[in-house]
There are 2 protein chains.
Amino acid sequence: MLDALVNTLTKYVTLSPEEVDIIESLFIFRSFRKRQYILQEGEIARFETFIVKGVTRTFEVDEKGQEHVLQFGLEDWWIGDLYSFLTETPTKSNIDCLEDTQVYQITKPNLEILYERVPKMERHFRIVIQNAYIASIKRVASSLAKTATERYLDFTTQYPQIEQRVPNHQIASYLGITAQSLSRIRSQAHKKQQ
Amino acid sequence: MLDALVNTLTKYVTLSPEEVDIIESLFIFRSFRKRQYILQEGEIARFETFIVKGVTRTFEVDEKGQEHVLQFGLEDWWIGDLYSFLTETPTKSNIDCLEDTQVYQITKPNLEILYERVPKMERHFRIVIQNAYIASIKRVASSLAKTATERYLDFTTQYPQIEQRVPNHQIASYLGITAQSLSRIRSQAHKKQQ
DNA sequence: GAAAAAAATTAACCTATGGTAATTAAAATG
DNA sequence: CATTTTAATTACCATAGGTTAATTTTTTTC
């Protein structure tokens, strides 16, 4: 179990056994059932969460009551609301599990201890955040430049694993369209392929 | 001049005079005229750029030849294409100056030297990127949940300085709408205010 | 494995925003 | 300061995607 976490943490930095012990002592392992919430709107995000197994969805609910998927989470991904976590203010996000999910979590105080005792972890998390930032910019660029059809096709090629494990109406929400529109897009795409 | 850079670099960390010297030796100062390009599509982004004075716009051109503004840059902001910079691959972005602009730039090798000689700069850049990432996520959320009118009003309250210094059609592009649509939105907003 | 719940599809109609074009206003330049 | 260039506005029609609603399919649950 811890292996999955340590393997990922050593992706951009090398760790000694003592450092692995420190890490082990600072993370908490938790299990969630499908449909359980890892984080709910109004709470302060006390943890950053690393997914060992499972699928999650992070979404916000707007004033009209509509849900908007900001992010999916899969094995080896970090999820959470970084803003709430860092500023210790209530989150607007919800995270629930689309499958039974196992995670490692770290609190802000423990993350600070981690940075202090294993300074090279700053490097790891800088790179993790860099990559998340780059992905987010790509998403902005794609929402500015592309039609819903193009965005859907990009999504299916970029995240085939997600497409298989997540209901279409969640993908539609991620793409910023309704389930009905996605259905229409899919049926048109199938027609063209024939 | 260097003050502006050092002030910002010390926002999240404290620096000794020796460390300030190291920084001074690793950055390059450059001046650009309005309309000059700091970065053009196809180049490798050799620098991350800190704006001392001026306004920039980062944009991509899509297959249909349309420009889409990804980011504006103002005093004390970092701009650049992090992906191209880190991976040393050709950028799809262009950065040009909307006013005469002065910047400090750092190359990737020099940034690595900086991290090595002044390790706490990892912290600074992790936080800079964190903040940029958080802003990008907010933009995604807003593009999913909000109408163009709402996004425009949010923009004017969040970035009043940009609204003053940047032509409306660039703001329209940033918001993902045409200049004509923004014009319509503005005239409707004015009507309601009366 | 039957019943209930959740997800996907289809269709008819509606609306926000895009595209094109023409007009006016403002800013840059020699 | 006259001319050219750039920016903003307005109007009219086109269209992608939203809304509502009904129907079918799939998945979950007891």
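What you see as residue numbers is a count from 1 along each chain, following the sequence as written. Chains carry letters and ligands carry numbers; both start at the beginning, A for chains and 1 for ligands, and go up in the order they are written. Where totals are concerned, whole chains, interfaces and linings use all residues; where local detail is concerned, this predicted model gives features only for residues with pLDDT of at least 70, and gives and counts side-chain atom pairs only at 80 or more. Calculation of side-chain values draws on the structure's entire complement of heavy atoms; hydrogens and water are dropped beforehand.

What follows concerns the pattern of salt bridges. Put simply, a salt bridge is a Lys or Arg side-chain nitrogen that is within 4 Å of an Asp or Glu carboxyl oxygen. For the coordinates displayed, the defined rule picks out 26 salt bridges over all chains. Note that Glu122(B) and Arg126(A) form a salt bridge whose closest N and O atoms lie 2.7 Å from each other. Here Glu122(B) is found in helix 5 (residues 120-145), whereas its partner Arg126(A) is found in helix 5 (residues 120-145) on a different chain. Given the relative accessible area of 4%, Arg126(A) is considered buried. A salt bridge links Glu88(B) to Lys108(B); the nearest nitrogen and oxygen atoms lie 3.8 Å apart. Taken as a pair, Glu88(B) in the loop between helix 3 (82-87) and strand 7 (93-97) and Lys108(B) in helix 4 (residues 108-117) lie far apart in primary sequence, 20 residues in all. Residue Glu88(B) is classed as partly exposed on the basis of its relative accessible area, which comes to 40%. A 1.4 Å probe rolled over the protein chains alone gives each residue an accessible area, and that area as a share of the maximum for its type sets the label: buried under 20%, exposed over 50%, partly exposed in between. A relative accessible area of 18% places Lys108(B) in the buried class. Among the ionic contacts, a cluster of salt bridges with common partners joins Arg46(A), Glu88(A), Lys108(A) and Glu112(A). Going along the chain from the N terminus, every DSSP run of H or I of four or more residues is numbered as a helix, and every run of E of two or more is numbered as a strand.

Let's shift gears to the protein's contact with DNA strand D. Here a residue is considered near a molecule or strand provided that any single heavy atom belonging to it is located within 4 Å of it. Within the structure, DNA strand D sits among 16 residues, and Lys34(A), Ala148(A), Gln180(A), Ser181(A) and Asn168(B) are positioned closest to it. By atom count, sugar and phosphate contribute 62% of the portion of DNA strand D lying within 4 Å of the protein. Counting of polar contacts relies on pairs of N or O atoms within 3.5 Å, with two restrictions inside protein: one atom must be capable of donating a hydrogen and the other of accepting it, and residues adjacent in sequence are counted only when both atoms are side-chain atoms. Between Gly176(A) and DNA strand D, the recorded distance is 3.4 Å, taken from a backbone N or O atom to a phosphate oxygen. Elements with a contribution of two residues or more to the surface near DNA strand D: helix 9 (179-193) of chain A together with helix 8 (168-175) and helix 9 (179-193) of chain B. The dominant element in the surface near DNA strand D, judged by the number of residues it contributes, is helix 9 of chain B, at four residues. Here the residues of the surface near DNA strand D are counted per class, giving three nonpolar, 10 polar and three charged. Residues are sorted three ways: Asp, Glu, Lys and Arg are charged, Ala, Val, Leu, Ile, Met, Phe, Trp, Tyr, Cys and Pro are nonpolar, and all the rest, Gly among them, are polar.

A word on the domain arrangement of chain A. All names here are of chain A. Along its sequence, chain A is organised into domain 1 (2-141) and domain 2 (146-188). The start and end points of each domain follow an automatic or database-based domain assignment. On a C-alpha basis, the centroid separation for the pair domain 1 and domain 2 is 24 Å. Contact definition: two residues touch when any of their heavy atoms are within 4.5 Å. Domain 1 puts 16 residues into the contact, and the matching count from domain 2 is 10 residues. The term buried area denotes the loss of accessible surface (1.4 Å probe radius) that occurs when two parts are joined, taken as the sum for both partners. Carbon and sulfur atoms supply 58% of the area buried between domain 1 and domain 2, which totals about 1,100 Å² over both sides. On the domain 1 side of the contact with domain 2, Phe-72, Leu-74 and Arg-139 bury the most area, a combined 42% of that side's loss. Linking domain 1 with domain 2 are two salt bridges, by the criterion used here. Linking Arg-165 and Glu-99 is a salt bridge whose minimum nitrogen-to-oxygen distance equals 2.9 Å. Counting the contacts that link domain 1 with domain 2 gives six residue pairs in polar contact (both at pLDDT 80 or more). For the side of domain 1 that touches domain 2, the leading source of residues is strand 5 (residues 67-73), giving six residues. Tallied by class, the residues present in the side of domain 1 that touches domain 2 amount to seven nonpolar, three polar and six charged.

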